[in-house]
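# Structure at a glance
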Amino acid sequence: MLRDITLGQYYQSDSVIHKLDPRVKLVSTILFIISLFVVDHIIGYLIAGLFLAVVIRISKVPFKFMVRGMKSIVVLLLITVIFNLFLTPGEALVTIWKLKITKEGLRIAVKMAIRLVFLIIGSSVMTLTTTPNNLTDGLESIMKPLKIFRVPVHEVAMMMAIALRFIPILLEETDKIMKAQIARGADFESGNLIKKAKSLVPLLVPLFISAFRRANDLAMAMEARCYRGGEHRTKMKPLQYKKRDAAAYTVVVVYLAVCIIGGRILPGLIDINGIFGR
Amino acid sequence: MSIILNHVNYIYDGDTEIPVKALDDVSIKIEDGEFIGLIGHTGSGKSTLVQHLNGLVKPTSGGVYYNGEDIHDGDYDLKTLRSKVGLVFQYPEHQLFEVDVFSDVCFGPKNLGLPKREVELRAFDALRQVGFPEEFFYQSPFELSGGQKRRVAIAGVLAMKPEVLVLDEPTAGLDPKGRDEILEQIKRLREETKITVVLVSHSMEDVAKYVGRIIVMNRGKVMFDDVPKEVFRHYKELEAVGLAAPQVTYIMHALREKGFPVNTQATTIAEAKEEILRVFRT
C-alpha cells in the first residue's frame, strides 16, 4: 500500500530525458499542462498522447510506474467524471430516473478525464526522471527573479528539497513501526472506523517522534556545517544548459505549436466536428 | 516445537530494474530451547530472515513451518503465531508510544484479548524479567535512557509470553556497558524460562560468549550453520565476507603459528587463558 506513492520517487535509468537540465523538464511540464488546457479537440489530445508516449518511451521508465501514480487520483477522477456527466445541462442521451446524461456532459467528462490523466502522467514523467535534488535546484533557478519581490527563493527550495527527501524515509519508518506493532499483536485492518482510527495511535505517535528526532538531527548537522541560508552560497554542481537542452526546448515549443494549431485553430477553420465528433 | 524454513527465497521489489534477492534458498530448522546467533554483514538478509519467522514477510517461494504447520496456509492464525514468536525489532525503543512504561508493555498482551488482570500480571512479570526498576514503571517511556527504553521495548514483546524470542540487533547503538547488561539479561532470561532465543548481530564477539549455534548469512545465503567453535575455524572465510572471528581466535591461531601447541578452538577469554596455561605448564 505504502509503495503506491510515486511522488518524489526517482526511477534510476540513463536515458536522455534523465540527463536533461531540470529547468528544461520543469518548463516543458508546465508547457505540456498548458497545452492540455488550450487544446479543445480530439486531434489535440491525440497529439498530446502521442507526444507523451514518445517521451515515456525515450525515458525508459516502465509505464506501470506512471499508472501507480494514477491510483492516488482515482477518486478525484471519478468525482470529476460523474459530476460532469450528470450535472451538465443539454441534450439528453440517457435518462435514468431523474438523472440524465447529456451529450455535452459526456463530452466534458471525457475531456476532463483525459486532461487529468495526461496531467498526472506528464508530471510523473518529470518526477520519475529527475532526482529531488535536481528538481529543487531547477525550481530555485527558475524562481530566482522572484527575489526582487523579497521571496526567500533559496529557503523555499531548501524546504522543498528536505520535504521531498523525507518522504521515502518516513515511508520506510512507517513500514518498520507498523511491522513492529503488528509483531506485538496490533491490528490495523479489521474493526469499524473508530476502532481503526484508534489503532493508528501506536503508529502515529512513534512516527511523529521519529520525524521530530530526524528533523532535529538534520538541523544540527546543517548547523555543524555552517549552513546559514542562501546568501553567497555557491553550488557544487551549478546547472548548465547543454546542446540537448536547447534541442529539448525546441521540440517542446514545436509540440506546443502543433498542438495549438491541430487542436484549436484547425478545427475552428474547417468544420470537421461533424466528421470526428468532439 | 520447531520453526522450519524450507528453501525460502525472498525477492525485494520484484518490479524495479534490479530485483534484489534478499534470501536465496534458505533452509534452517530452529529447535526448542536453542540459543542461536544469526550473524551477517549489513544487507546480508538477516533482518529479512527473522521477519519470516513470525509471518511478517511472506516468502516469494518456499515454506515456513511452525510446529509442523504451514504459517501461510489460508486459515492459519498469524496473530497467535506472533505471540508465540516474539520479534524485537532493531531500535525497538522507536515503537514506544504510551503515556507510561507500564501501559506500553501492556499493549502486546492486551492485543491478545486477555483479561485485564492477566495483562497487568504479564506486563509486571515482563518488566521484572528484563530487570527494569519498579520506581520507573509509571514514568513516560520517552524520559528514559537509551538502555532503559530498550528494556521496556523488549519487555513489551516478552509480555506476550512467546515461546521463541527473536532479537534483531538488540545491542545496536548501546555503549559497551549497556550492551553487556542487555546480553546478560537475555542469558539470564533464557536460563529462567527455557525460552528459545535467536539473537541477530553483526558482531561475532558479542554472540560467541552466549550462543550454542551460529548461523552465518552472506548475500542472502546461509554460509555456515554450526556450533561456534566449528564456525570460527573458518575465520579466514569469515574475514573475506567482512565478518571477523572473536579476537581470541586470532591470538590462538597466531600462537600456534609461532610453534606453541595450543588448541585453537577456544572462543572466550576464559577458555583461552586455561588453554594457554595448560600449554605452558606442560
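Because the structure is a prediction, the values reported are computed rather than measured.

The next subject is the overall build of chain B. Each helix and strand counted, chain B has eleven helices and ten strands in total. Computed over its C-alpha atoms, the radius of gyration of chain B comes to 20 Å, within 12% of the 19 Å expected for a compact globule of 282 residues. In terms of overall dimensions, chain B has C-alpha extents of about 65 × 50 × 35 Å along its principal axes. Counting across all 282 residues of chain B, residues that qualify as buried make up 51%.

It is worth spelling out the interface of chain A and chain B at this point. Taken residue by residue, the interface counts 24 residues in chain A and 24 residues in chain B. Taken together, the two surfaces of chain A and chain B that pack against each other cover about 2,100 Å², and 58% of this comes from carbon and sulfur. Among the residues chain A hides against chain B, the three largest losses belong to Lys179(A), Ala183(A) and Arg184(A). Together they make up 34% of the total. Joining chain A to chain B, the criterion identifies one salt bridge.

Residues and elements named next belong to chain A. Its location among the elements puts glutamate 140 in helix H7 (residues 132–143). For glutamate 140, a relative accessible area of 12% corresponds to the buried category. Contact partners of glutamate 140, with chain neighbours within four places excluded, come to Val153, His154, Ala157 and Lys235.

Residues and elements named next belong to chain A. Look at helix H8 (residues 153–183): 45 Å from first C-alpha to last across 31 residues, which is about the 45 Å you get at 1.5 Å a residue. The sharpest bend along H8 comes to roughly 30°, located at isoleucine 167, with the proline proline 168 sitting one to four residues further on. Phi turns positive one or two residues past the end of H8, at glycine 185, with a value near 90°.

It is worth spelling out helix H6 (residues 176–193) of chain B at this point. Residue and element names in this part refer to chain B. Here H6 contains 18 residues, and its C-alpha end-to-end distance of 26 Å stays within 8% of the 26 Å for a straight helix at 1.5 Å per residue. Among the residues of H6, Gly178, Ile182, Leu183, Gln185, Ile186 and Leu189 are the ones counted as buried. For H6, the arc enclosing every buried residue in end-on projection is 155°, short of the 170-degree limit, so these residues lie on one face. Turned more than 90 degrees away from the buried face of H6 sit Pro176 and Lys177, all of them exposed. Buried positions along H6 lie against strand E3 (35–40), helix H4 (116–129), helix H5 (146–158), strand E7 (164–168), strand E8 (196–201) and helix H7 (204–208). A positive phi of about 60° marks lysine 194, the residue just after H6.

It is worth spelling out the domain arrangement of chain A at this point. Residue and element names in this part refer to chain A. Taken domain by domain, chain A comprises domain 1 (1–130 + 241–278) and domain 2 (131–240). The gap between the C-alpha centroids of domain 1 and domain 2 is 29 Å. Between domain 1 and domain 2, the buried area comes to about 1,400 Å², and carbon and sulfur atoms account for 74% of it. Taken together, the connections running from domain 1 to domain 2 amount to zero salt bridges. At the boundary of domain 1 with domain 2, the tally comes to two residue pairs in polar contact (both at pLDDT 80 or more). Residues of the side of domain 1 that touches domain 2, tallied by class, amount to nine nonpolar, four polar and five charged.

Calculation notes
Residues numbered from 1 in each chain as written. Chains lettered and ligands numbered in written order. Predicted model: local features only at pLDDT ≥ 70, side-chain atom pairs only at ≥ 80, totals over all residues. Heavy atoms only, no water. Helix = DSSP H or I, 4+ residues; strand = E, 2+ residues; numbered from the N terminus. Rg over C-alpha atoms; globule rule 2.2 N^0.38 Å. Buried < 20%, exposed > 50% of the residue type's maximum accessible area, 1.4 Å probe, protein only. Contact = heavy atoms within 4.5 Å. Buried area = accessible area lost by both parts, 1.4 Å probe. Salt bridge = Lys/Arg side-chain N within 4 Å of Asp/Glu carboxyl O. Expected span 1.5 Å × (residues − 1). Bend = angle between axes of the 7 residues up to and from the residue. Arc of directions from axis to C-beta. Domains from an automatic or database assignment. Polar contact = N/O pair within 3.5 Å; in protein donor to acceptor, adjacent residues only side chain to side chain. Nonpolar A, V, L, I, M, F, W, Y, C, P; charged D, E, K, R; others polar.

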